[in-house]
There are 4 protein chains.
Amino acid sequence: MIDSIALRREFHKYPEAGWTEVRTSARILEILESLGVPEILCGREVLDLDLLATGPGIDLSEPARRANMQRAAAEGAGAAYVERTEGYPGVIGIIDTGRPGPTYAFRFDIDCLEFDEYDGAGRSPADEEYYRPSAEGYRSVHAGKAHACGHDGHTAIGLLLASMIMESLSDYKGTIKLIFQPAEENYLGAAGIVAKGHLDDVDQMMIVHLALSAENEPLGSHTLCCGVKDFMACRQLDVTYHGEAAHPCGAAQEGKNALLACCSAALNLHAIAMHEKGLGRVNVGVIRGGTVTNVICPECTICLEYRGQYREISEYLGRRVFDILDGAARQYDMDYTYVDYGEIPAGVCSDELMDRVQEEAAQIPWFEKVYYEGNVGGSDDAAVMINYVQDRGGLGTYIGIGTETTGPVHNPKFDFDEECLPAAAELLARMLRR
Amino acid sequence: MIDSIALRREFHKYPEAGWTEVRTSARILEILESLGVPEILCGREVLDLDLLATGPGIDLSEPARRANMQRAAAEGAGAAYVERTEGYPGVIGIIDTGRPGPTYAFRFDIDCLEFDEYDGAGRSPADEEYYRPSAEGYRSVHAGKAHACGHDGHTAIGLLLASMIMESLSDYKGTIKLIFQPAEENYLGAAGIVAKGHLDDVDQMMIVHLALSAENEPLGSHTLCCGVKDFMACRQLDVTYHGEAAHPCGAAQEGKNALLACCSAALNLHAIAMHEKGLGRVNVGVIRGGTVTNVICPECTICLEYRGQYREISEYLGRRVFDILDGAARQYDMDYTYVDYGEIPAGVCSDELMDRVQEEAAQIPWFEKVYYEGNVGGSDDAAVMINYVQDRGGLGTYIGIGTETTGPVHNPKFDFDEECLPAAAELLARMLRR
Amino acid sequence: MIDSIALRREFHKYPEAGWTEVRTSARILEILESLGVPEILCGREVLDLDLLATGPGIDLSEPARRANMQRAAAEGAGAAYVERTEGYPGVIGIIDTGRPGPTYAFRFDIDCLEFDEYDGAGRSPADEEYYRPSAEGYRSVHAGKAHACGHDGHTAIGLLLASMIMESLSDYKGTIKLIFQPAEENYLGAAGIVAKGHLDDVDQMMIVHLALSAENEPLGSHTLCCGVKDFMACRQLDVTYHGEAAHPCGAAQEGKNALLACCSAALNLHAIAMHEKGLGRVNVGVIRGGTVTNVICPECTICLEYRGQYREISEYLGRRVFDILDGAARQYDMDYTYVDYGEIPAGVCSDELMDRVQEEAAQIPWFEKVYYEGNVGGSDDAAVMINYVQDRGGLGTYIGIGTETTGPVHNPKFDFDEECLPAAAELLARMLRR
Amino acid sequence: MIDSIALRREFHKYPEAGWTEVRTSARILEILESLGVPEILCGREVLDLDLLATGPGIDLSEPARRANMQRAAAEGAGAAYVERTEGYPGVIGIIDTGRPGPTYAFRFDIDCLEFDEYDGAGRSPADEEYYRPSAEGYRSVHAGKAHACGHDGHTAIGLLLASMIMESLSDYKGTIKLIFQPAEENYLGAAGIVAKGHLDDVDQMMIVHLALSAENEPLGSHTLCCGVKDFMACRQLDVTYHGEAAHPCGAAQEGKNALLACCSAALNLHAIAMHEKGLGRVNVGVIRGGTVTNVICPECTICLEYRGQYREISEYLGRRVFDILDGAARQYDMDYTYVDYGEIPAGVCSDELMDRVQEEAAQIPWFEKVYYEGNVGGSDDAAVMINYVQDRGGLGTYIGIGTETTGPVHNPKFDFDEECLPAAAELLARMLRR
């Protein structure tokens, strides 16, 4: 049996942002192969590249892939496996048991977030500044990259599940697809796999995520939720205001201040009234503008997202977002342009599959408390996959695996209780053996 | 006689930001030497390096200097001259005529601004998108760098003046210092030269700048102003707000939004009421913050400046600026830190020297209209030098050389009428020959 | 049987703001007496005047009461009844049936909102600008006062219920208290009645409200919800910033701009990030500041409220609200003071009582669709009463009576389907007769 | 000789806002008559009522005039004089000396500002809270009205000048018009007099104002400036945003928040970049919006003004103001309407007349320091009159009379050194006797 904790720490140490997960993919490939998984897809076989070519900000050019491959090899991925990826991220392991049964698919997302991980000076847990990844040597070695959303753990769960299946293959039936998906934090990761047809024959779609919540409390260690019903649709835009530079003393009246337009937009975007029928959120996460201090800022960009639990809410927020964007442009007499990353949909897990998770989880001692329904409180392109399978008559769920953490999700100081990993894999294996 | 227009275009093509002007310095050195200027200071001789070591953002480390030297050589500066700079910017040519007379100093600033130059597609002036630097091949080859403040012209004027003096040296008296100063747009350029003692013996300090204004109109070609009295003090700060990252859906209440704190600060900084006793200005020129769209922005920086014509105004604005900065931090429950670049002083040109400029300009046909007093409408560390010389009993002035331009100063589309260059050098030569 | 629709229209036509409901109270008194209600409390008997004396903005002084009494009499309330109110609002009818049984209490709120009612020009429903209260002559005759929250309907339901009980008194058991409460929209209306001890012996507290929602849709005609569990706590503050007047040209630097401080506060208050654990809201409803256009605004007031579904959320919002208030004051270098109206609590209806409502409603044909749980989506001082009764071992619920409306609640164009009134009274009567 | 200080205090005690100056006018009429001024215009003779009928906010209806007349009589103005005003403000005394000479006109503005005057508790000047108008009994008896701009003094100077002329009429020549003008702080006061033709034959227009500045310092006692050249044009607008009310919890998405639209407008209006060619100012002086705290604000008004020293600046600011107004409306998806009070023009005093003021002031011992040019640092409809006279070949000036003050102009605590009053009248008399 492979060591899921050691693997999780390895992935944690070498985090890779969406569309650059070449080291991670090569390692997954290597491990699946070592476990004897009979069919493994990688490189051009995983993603619909035509679809991705339409996506803003996705650079899968030859030089970009080549650079990621070089880095992957330099960071300890086997050269032959790196070569097989061709620099494309994503791996799918397929196990046809030969026995009749449903087609199961699991999604494990493998990308990281793009900010610096916390670095704690403390050496023992008693130290105030203790941070286990620093103390035990698996903190991110990549500046500006961090696994602060548990995807390192998800990947390790997937590999452990593969090893459990391969070790007693005769206990399993049907066909099992282990999908290691890139770019969950970006856009088109799930869509790229769906568009390639990998889910066309899937009957049950199961996805795990660490550290969700239920009943308004984070899911700590020894807890679990069987599914969620509050996926929010999410649309992201990078909006650039185009003003005019001028000297702020010599010719201020000839300038058009894009920085102030963005500040007016950002403040008013955050002040949009929430829709009373359900969840909605607006966030401006990034702002960048200006050249030097003594020039009126000619161009400024804000990166924003809005999310709604229902279509009515998303549409309302979209209208209000563009009201604000238009109005700020008008205030400062300028135009704006934007890159639209598209919309991840809302979605609802299948009760029938959640019921089964509930039964199986009850059999695993580590899970002391099982919540039927939990909360994702946001968006995940898991919904793309679940919706697709459900639309074709199948079932899907998104299982929250409880785990104590050292910070909220998406915080630079996010580490978790690794004991949850084997428990999660055990649950998934049981779902297959029912 | 050297070709000032060709030289100006060469400097225009290879703009260098403050503290990196190694190619420019090596070329100045080479030209001054070729003209036979008897004493030339460069490298460590020009600037007080101890003072600069205290300056924020000034990187004169061995690797930084080495990189600039390599670039300078690759861009056509003579290797031997590059080597003599040791990677430090700035050159001073000294001509002791051997005849009794005052010590004169001229300041020519050599640095560029840090943004992209406009790139016009038009090939003939009749085209709407015509931009001469593009059409005639001297547009900046450095991304993010542009001579949009005329310093390329100032440098060319200085070299032309040197060639005029050396060609008929016997017409001149006293000692003449031609100071090619780095980093006028940053801080400590002038101060670094003053601190090294180069102005201790100076009786007359003369500085030219293209494209000022007078009587509320830009100084066009064939005009001139003899001095200015409205230098504003200017202080620049880079202010960073330190918030807390969190997922904007899962845990928004645990975040502290540094982006919104900066937006609140920026808008309110620009809304500071102006002081009625004279000129004052506040500008937030740059904003940068956030990691990715779906994380609450944990850290955001604004780069700002404030300027006042009198001490009372600068102090008032400084108080108001920190009120706003403090208040925005309080609104978003966070701290901020800042880098203080210090304050360039206000200053007033010497009437006695302005009178002399007026007399000499009247003798030069190119100057059809001579304004006694013009407006800088902002700040220039020229004031550091003028104040220093005046405080020791000398005279100083800041002469505005009129020239038609294709955009306001500090605009990406700033080119000018190069006919002004020989006229300016002729004026300075006449000031020496009086 | 009394005509609840005619009565509702009468109350609609003479709306009275919280603490001034003298005409309404006198009319209630008159009607209850005409129905033979055996015990009727009014005037000083209803409210704890000592408590009210502590409340900001409550003027129950002799001259204020006298003025309201004069107006009430002039507007058709019987002089003797007006006199008996002594100018204090609120009436309680008590019916001791003489038969053993629980003590039941009902709350009917009687106050209006303080803005102008819509005035539609249309005369027939087909006209675009048709508005029934205008067309049929019961639009508010009081400028700045409108029944846009259904309290006119609640009052009519209470009186109809009284007439139903008195008509067949022998069908009822226990003791029945019909509480006509003032000042639901203000503060201390419910608290003033509780403090007087009127709920000390109550076993079942029932409160109706028109036009709530359920399952994210407004409750239209022929629907009902049996209770709610989402009362939000609500705290209201009137915050005044104290700046300094000055001439905006002659002496701007001596001013301190309270208007801008309030604008900065209001925008940032609305931008407070919502807490992920439940509902929360912040609203700045009113702003008032300045003297004349050509004076820097010396004093400005904002009236705000914040609401949270749980204590943790209310505390979070309260902290953030004061962060913003403090920060805006700091930005503009001034102090602020505030009037604190106190906090209405959150609350949850009793399942046991909701079950009974569900059973009874199913017996009434008008209610075609019965939702078990609905949403108030806000606050109501009904929670003060329900909590009080529950804390002493009793039960309470807040029943949403569906009705089509012509505008959302608190909109100037709010009218409703009056058919709901007898259905609501019938439901309450059945709850008593069980 | 009349007592100018006693009169100034009387006017101070009964301040009247623009278009309501009936008590003041009746008193002026009475005093001029008592002095024997041969021709006195009042009532309908002073102002062009057709022009005023076009002015927003000017209520000269019969009931309004009647009410002001009643008040004026109640406050001690002689009934017969009140009657002669017919409730219209403004008085013109005309003295034709019978000797040949120019036609001179003087403007004395008589209206007050609309805010509460400071009320100091101190009884002796040593007390910290001493305020002479309170201590000596001439503080404003009108709530919300205060003479904080010196017009009480101007009026007293005009009456003292009249008494000086009448006492030795044979020393004077030509025709002298003493114009007591209403509504300087509002709009159309000066224009209403000009339109009536009173300045058609005027050769010299002289206007005094207390407490201007010169060389960046307030003009204190014993100083004077002979004229100003910095009148700014000023346009005032009352802008109302029309949103939509809704309950901030139950239906926030149906609201349109006019309060936030105004806050966004106000902040960004104050952040408009100043034009570098001269003075400009923007002020939002008043904001008013909202109904009650728990309703989204449906309508909000801001009262703003912008001023520019030159046409180019005024036009630039006007464009920017409407950019901001439009943009804020767009941000909050609503319309706005506005009342436009029109524009007071810029203007420049006549050097020839300023020279004469300089000569005469030098003869008056009280004026120890005479500045040639001072600063109004704002706007005054005096410019309407000066421009009109200049345009017809005459001369005009606006003389600043220095005086120590207890607060800046337009501050609630503005009192001044009354010694300046006879000195000012003496100067004007000398200007006539030249």
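Each chain carries its own residue numbering, running from 1 in the written order of its sequence. To label them, take the chains in the order written and letter them from A, then take the ligands in the order written and number them from 1. Residue-level local features of this predicted model are given only where pLDDT is at least 70; pairs of side-chain atoms are given and counted only at 80 or more, and the full residue set underlies all totals for whole chains, interfaces and linings. Side-chain measures were taken over the full set of non-hydrogen atoms in the model, leaving aside hydrogen atoms and water.

Novice: How would you explain the overall build of chain A if you had to name every residue and give the values?
Specialist: Numbering of helices and strands runs from the N terminus, with a helix taken as a DSSP run of H or I at least four residues long and a strand as a DSSP run of E at least two residues long. The helix and strand inventory of chain A stands at 13 helices and 14 strands. The globule rule puts the C-alpha radius of gyration for 434 residues at 22 Å, and the 23 Å found for chain A is close to it. Across its three principal axes, chain A shows a C-alpha extent of roughly 80 × 50 × 50 Å. Remark: exposure states derive from per-residue accessible area (1.4 Å probe, protein chains only) relative to the maximum for the residue type, with buried under 20%, exposed over 50%, and partly exposed in between. A total of 434 residues make up chain A; the buried ones form 65% of that total. By definition in these notes, contact holds between two residues if any of their heavy atoms fall within 4.5 Å. Sequence separation of at least 24 residues holds for 82% of the intrachain contacts in chain A that already meet a minimum separation of 6. Computed by Shrake-Rupley with a 1.4 Å probe, the accessible areas treat only the displayed protein chains as cover when residues are assessed. Counting only carbon and sulfur atoms, one obtains 47% of the accessible surface of chain A, whose full area is about 14,000 Å². Charge counting follows a simple rule: Lys and Arg are positive, Asp and Glu are negative, and His as well as the terminal groups are ignored. By convention, the point assigned to a charge is CZ for Arg, NZ for Lys, CD for Glu and CG for Asp. When the 37 basic and 67 acidic side-chain charges of chain A are each reduced to a single mean position, those positions are 1 Å apart. Within these notes, the globule rule equals 2.2 Å times the number of residues to the 0.38 power, and the radius of gyration is based on C-alpha atoms.

Novice: Hey, could you go over the interface of chain D and chain C for me, with residue numbers and the actual values?
Specialist: With 53 residues of chain D at the contact, the number on the chain C side is 53 residues. In short, buried area is how much 1.4 Å probe accessible area vanishes from two parts on joining, totalled over both. For the pair chain D and chain C, the summed buried area comes to about 4,100 Å², and 62% of that belongs to carbon and sulfur atoms. When residues of chain D are sorted by the area they lose upon contact with chain C, D:C249, D:I287 and D:T293 head the list and together hold 15% of the total. For this document, the term salt bridge refers to a Lys or Arg side-chain nitrogen within 4 Å of an Asp or Glu carboxyl oxygen. Here chain D is connected to chain C by 0 salt bridges. Throughout this description, a polar contact denotes any pair of N or O atoms lying within 3.5 Å of each other; where both atoms belong to protein, one of them has to be capable of donating a hydrogen while the other can accept it, and for residues adjacent in sequence the pair is counted only when both atoms sit in side chains. At the boundary of chain D with chain C, the tally comes to 15 residue pairs in polar contact (both at pLDDT 80 or more). Contributions of two or more residues to the side of chain D that touches chain C are made by β9 (233-242), α9 (258-270), β10 (280-289) and β11 (299-308) of chain D. In terms of residues, the side of chain D that touches chain C owes the most to one element, β10(D), which gives 8 residues. For the side of chain D that touches chain C, a count of residues per class yields 27 nonpolar, 17 polar and 9 charged. Residue polarity follows a fixed list, in which Ala, Val, Leu, Ile, Met, Phe, Trp, Tyr, Cys and Pro are nonpolar, Asp, Glu, Lys and Arg are charged, and the others, Gly among them, are polar.

Novice: So what about the relation of the copies chain B and chain A? Which residues, and what values?
Specialist: Expressed as a screw operation, the relation of chain B to chain A combines 0.1 Å of axial shift with a rotation of 180°, fitting to an RMSD of 0.1 Å. Taken together, the turn and the small shift mark the pair as related by a two-fold rotation axis. A high fraction, 100%, of the interface residues of chain B reappear at the interface in chain A, so the copies pair face to face through one surface. We superpose the copies by least squares over the C-alpha atoms of residues that have a pLDDT of at least 70 in both of them.

Novice: Go over the side chain of D:H147 with me, naming the residues and quoting the values.
Specialist: By the element assignment, D:H147 lies in the loop between α6 (132-135) and α7 (151-167). Leaving out residues up to four positions away in the same chain, D:H147 has contacts with D:F11, D:H12, D:P15, D:I110, D:D111, D:C112, D:D152 and D:F414.

Novice: Please set out the packing of helix α9 (residues 258-270) of chain B against helix α10 (residues 311-331) of chain B residue by residue, giving values where relevant.
Specialist: Residues and elements named next belong to chain B. Note on definitions: angles span 0 to 180 degrees between N-to-C directions of axes, and those axes are lines fitted to C-alpha atoms, for helices only across the stretch in contact. Where α9 contacts α10, the axes come no closer than 9 Å and their chain directions differ by 150°. Taken together, the axes of α9 and α10 are roughly antiparallel relative to one another. As α9 packs across α10, the resulting crossing turns out to be right-handed. Residues A261, S264, A265, N268 and L269 of α9 form the contact with α10, whose own contacting residues are V321, I324, L325, A328 and Q331. Of the residues belonging to the contact of α9 with α10, the class tally is 7 nonpolar, 3 polar and no charged. What sets the label is the angle itself: under 35 degrees gives roughly parallel, over 145 gives roughly antiparallel, 65 to 115 gives roughly perpendicular, and the rest give oblique. For a crossing to be left-handed, the near helix must be turned anticlockwise from the far one by less than a right angle; the clockwise case is right-handed.

Novice: Quick rundown of the interface of chain B and chain A? Include the residues and the values.
Specialist: Taken together, the contact between chain B and chain A spans 53 residues of the former and 53 residues of the latter. Where chain B abuts chain A, roughly 4,100 Å² becomes buried across the two surfaces, and 63% of that area is made up of carbon and sulfur atoms. Together, B:C249, B:I287 and B:T293 form the three largest contributors to the area buried by chain B at its contact with chain A, with a combined 15%. Taken together, the connections running from chain B to chain A amount to 0 salt bridges. Of all the elements in the fold, those that place two or more residues in the side of chain B that touches chain A are β9 (233-242), α9, β10 (280-289) and β11 (299-308) of chain B. Element by element, the count of residues in the side of chain B that touches chain A is highest for β10(B), at 8 residues. In terms of residue class, the side of chain B that touches chain A is made up of 27 nonpolar, 17 polar and 9 charged. In this sheet, β10(B) lies alongside strand β10 (residues 280-289) of chain A in antiparallel orientation, the contact comprising 3 bridges. A pair of strands counts as paired when DSSP detects no fewer than two bridges linking them.

Novice: Before we move on, can you summarise the relation of the copies chain D and chain C with the specific residues and values?
Specialist: For the pair chain D and chain C, the best superposition has an RMSD of 0.1 Å and corresponds to a rotation of 180° with a translation of 0.1 Å parallel to the axis. Residue by residue, 100% of the interface of chain D is reproduced at the interface of chain C, so both copies engage with the same surface.

Novice: Go over the environment of B:K256, please, and point to the residues and values.
Specialist: Residue and element names in this part refer to chain B. Residue position: K256 is located in the loop between β9 and α9. On a C-alpha basis, the gap between K256 and R281 in space is 30 Å, while along the polypeptide they are 25 residues apart. Excluding its chain neighbours within four sequence positions, the residues that come into contact with K256 are G243, E244, I296, C297, P298, Y332, D333 and M334.

Novice: Go over the pattern of salt bridges, please, and point to the residues and values.
Specialist: All names here are of chain C. As enumerated under the stated definition, the model contains 164 salt bridges over all chains in all. Across the pair E86 and R44 runs a salt bridge whose closest N-O atoms are separated by 3.0 Å. With E86 in the loop between α5 (79-85) and β2 (91-96) and R44 in the loop between β1 (39-42) and α3 (49-52), this pair connects stretches of sequence that are 42 residues apart. When its relative accessible area of 32% is taken as the criterion, E86 is described as partly exposed. Judged by relative accessible area, which is 40%, R44 ranks as partly exposed. When the shortest N-O distance is used, the salt bridge between D340 and R235 registers 2.6 Å. Of this pair, D340 sits in strand β12 (residues 335-344) while R235 sits in strand β9 (residues 233-242), placing them 105 residues apart in sequence. For D340, a relative accessible area of 30% corresponds to the partly exposed category.

Novice: Describe the sheet that holds strand β2 (residues 91-96) of chain A, and please don't skip the residues or the numbers.
Specialist: Residues and elements named next belong to chain A. Pairing is mixed across the open sheet formed by 8 strands, whose spatial order is β1-β2-β4-β3-β5-β14-β8-β13. The sheet is open, and its two edges are formed by β1 (39-42) and β13 (369-374), each paired on a single side. Neighbour-to-neighbour, the strand axes of this sheet turn through a mean angle of 20°, independent of strand direction. Here β2 runs beside strand β4 (residues 175-181); their pairing, made up of 6 bridges, is antiparallel.

Novice: So what's going on with the sheet that holds strand β14 (residues 395-401) of chain D? Which residues, and what values?
Specialist: Residue and element names in this part refer to chain D. Here we have 8 strands laid out as an open sheet, ordered β1-β2-β4-β3-β5-β14-β8-β13, and mixed in their pairing. In this open sheet, the two strands that pair with only one neighbour each are β1 (39-42) and β13 (369-374). When the angles between neighbouring strand axes are averaged without regard to direction, this sheet yields 20°. The strands touched by helix α2 (residues 22-35) are β1, β2 (91-96) and β4 (175-181); relative to β2, the strand with the most contacts, the crossing angle is about 20°. In this fold helix α11 (residues 351-361) packs onto β5 (204-210), β8 (223-228), β13 and β14, with an angle of close to 40° to the strand it touches most, β14.

Novice: Break down the side chain of D:D323 for me, with residues and values.
Specialist: Within the secondary structure layout, D:D323 lies in helix α10 (residues 311-331). On the accessibility criterion, D:D323 (8% relative accessible area) is buried. One polar contact links D:D323 to A:R330, side chain to side chain, over a distance of 3.0 Å. Contact partners of D:D323, with chain neighbours within four places excluded, come to A:R330, A:Q331 and A:D333.

Novice: Tell me what's going on with the environment of B:A67, and back it up with residues and numbers.
Specialist: Structurally, the position occupied by B:A67 is in helix α4 (residues 62-74). Judged by relative accessible area, B:A67 falls into the partly exposed class, the value being 41%.

Novice: Go over the environment of A:V357 with me, naming the residues and quoting the values.
Specialist: All names here are of chain A. Mapped onto the elements of the fold, V357 is located in helix α11 (residues 351-361). As a C-alpha pair, V357 and I399 span 42 residues in sequence and 8.2 Å in three-dimensional space. Residues within four places of V357 in sequence aside, it is in contact with L224, C226, T397, I399, L427 and M431.

Novice: Any details on the nonpolar core? Residues and values, ideally.
Specialist: Residue types Ala, Val, Leu, Ile, Met, Phe, Trp, Tyr and Cys, when buried and joined through side-chain atoms within 4.5 Å, form a set referred to as a nonpolar core. In terms of nonpolar packing, the biggest core is built from 144 residues, with A:Y241, B:Y241, C:Y241 and D:Y241 touching the most fellow members. In terms of nonpolar packing, the next biggest core, distinct from the first, is built from 110 residues, D:L41, D:L113, D:L210 and D:V384 among them.

Novice: Which residues make up α11(D), and what values do they have?
Specialist: Residues and elements named next belong to chain D. Looking at α11, one finds that the buried residues are L353, M354, R356, V357, E360 and A361. End-on, the buried residues of α11 take up no more than an arc of 160°, which puts them together on one face. Those residues of α11 hidden inside the fold are in contact with β5, β8, β13, β14 and α13 (420-433). Throughout, the arc means that of the directions going from the helix axis to the C-beta atoms.

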